[in-house]
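Residues per chain are reported as follows:
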Amino acid sequence: MEVIVILLALFFLMFVAYRGFSVILFAPIAALFAVLLTDPGYVLPFFSGVFMDKMVGFIKSYFPVFLLGAIFGKVIEMSGFAKSITGAVIKLIGPSRAMLAIVLVGAILTYGGVSLFVVAFAVYPFAAELFKAADIPKRLIPGTIALGAFTFTMDAFPGTPQIQNIIPTTFFKTDTWAAPWLGFIGGLFVFIIGMIYLEWRRRKAKAAGEGYGTGHKNEPEPLGEEKLPNAFIAILPLIVVGVFNKVFTNLIPQFYGKQFDFEAINIARVNPVDVTKETAIWAVEGALVLGILTVLLFSFNRIKENFNAGINVSIGGAMLATLNTASEYGFGGIISLLPGFKSVSQAMSDTFTNPLVNEAVTTTTLAGITGSASGGMSIALAAMGETYMEQAQKLGINPEVLHRVASMASGGMDTLPHNGAVITLLAVTGLTHKQSYIDIFAMTLIKTTAVFFIIALYYMFGIV
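Described in the following lines is the structure provided in the data block. (Residues numbered from 1 in each chain as written. Predicted model: local features only at pLDDT ≥ 70, side-chain atom pairs only at ≥ 80, totals over all residues. Heavy atoms only, no water.)

### Considerations on the packing of helix α6 (residues 116-134) against helix α7 (residues 141-149)
Relative placement of two packed helices is described by the angle separating their axes and the distance separating the axes. Across the interface, α6 lies against α7 with an axial gap of 10 Å and an inter-helix angle of 135°. One way to sum up the angle between α6 and α7 is to call them oblique. Our pair here, α6 against α7, has a crossing hand that is right-handed. Contact residues: Leu116, Val119, Ala120, Val123, Tyr124, Ala127, Ala128 and Phe131 in α6; Ile141, Thr144, Ile145 and Ala149 in α7. (Axes fitted to C-alpha atoms, helices over the stretch in contact; angles between N-to-C directions. Helix = DSSP H or I, 4+ residues; strand = E, 2+ residues; numbered from the N terminus. Parallel < 35°, antiparallel > 145°, perpendicular 65-115°, else oblique. Left-handed = near helix turned anticlockwise from the far one by under 90°. Contact = heavy atoms within 4.5 Å.)

Shown next, in the form of structure tokens:
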């Protein structure tokens, strides 16, 4: 019965997410319903002492990253830099390689720190024009954008400033560059297999005589002769974010050491700051600030007219994204303390005795249930992070490997039909799940396979 309570809570959360209801409201309802079925007298203490404590802790740690990332993405969009980068890549690769060009554009933008949602809006008009010119079925656009934006540069490649690569740093005391070779090889695996799949789908459609098609919804206006910023200037903010993320990652521990003690500067009653847990977050925040300033330096005249409205939209989006994930994190905090979770955890441990495999299965399963990579990973690591660290220390597993496995696993089964990014991508392109989801799901399977591929590499060759 205790296990059934846990499963009911999880699948209720999955159902409401799929139906489009806000998890900000329903994550605590689902968690407290599980508490109610366990012991009604525990509901209020668990709400205040566990759910709110975990939720506020998540916001405290990650809201600045969500906020700065959203603002950075917005100014990149408003400045025309995203369009300029897209146009430059297409010219370099050539319109005949439409799929490769769109994948590379998505990869460059996400690895440079631009939000996945911004990428979908920015890239789609170019994808539609290229696919139409090459007579490639429009239904293949979502899968192509998903490969470029939702996979290898989101959580595999080392140093990516996306939130899926930042959350593990606070649990394992790593940085965003954790397990660089495993991340790079795993990301390359996803890219190559993903491109092979997309080309196979394109050739199959061509052999069947299927072209771009007509009567589509949300067809973008033909691209005009709008004067775009210089491509080298446009890509500079992305380079700034990448370079200074690495620079700050190295400099912060040298400057502060492992801990900052307020008593050393005669300030009492303030807890010391564990710098090892904050380094990755501070590094990304500092890099994003410099990236935003770089955009403003070169393009303020272009964006100043709508600057206030654009920033307000990005702030609202950041708050919503943070609260969504924080609410799921609070949900995980409660579920992990219930008796049924111990039974589930023990069963998982007995079935998947290897900590890396256990971490991958748990994280990707919860990401699938919640429809959120960051949400699923937050639940998994809130519940099992300390256990994974203890097991890794006993077995001599580098914490960086735990980081990369958790990060990549979170982006595995997260893209099930109820995932917010999937729903947004299909809405932007004017396509339906029936028309295009199969290709997005193929990327999901490739991405999930890649996690177990890097685990095998680690055990076979010791690559980190």
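Following the structure, the description resumes.
### A word on unusual backbone geometry
Its identity as a non-glycine residue notwithstanding, Asn266 has a phi of 65°, on the positive side. Position of Asn266 relative to the elements: it lies in the loop between β1 (259-260) and β2 (273-274). Relative accessible area serves as the criterion here: at 74%, Asn266 is assigned to the exposed category. Even without being a glycine, Arg269 presents a positive backbone phi close to 60°. Tracing the chain through its elements places Arg269 in the loop between β1 and β2. (Buried < 20%, exposed > 50% of the residue type's maximum accessible area, 1.4 Å probe, protein only.)

### Focus on the packing of aromatic side chains
Considering all chains together, one arrives at 23 aromatic pairs under this definition. Considering the side-chain rings of Tyr111 and Phe157, the 6.2 Å spacing of their centres and the 90° angle between planes classify their relative orientation as edge-to-face. With Tyr111 in helix α5 (residues 98-111) and Phe157 in the loop between α8 (152-156) and α9 (167-172), the pair connects residues that are 46 residues apart, well separated along the chain. Centroid distance Phe260 to Phe262: 5.1 Å. Interplanar angle 90°. Geometry classified as edge-to-face. Taking relative accessible area as the criterion, Phe260 reaches 24% and is therefore assigned partly exposed. (Phe/Tyr/Trp six-rings, centres within 6.5 Å; stacked < 30°, edge-to-face > 60°.)

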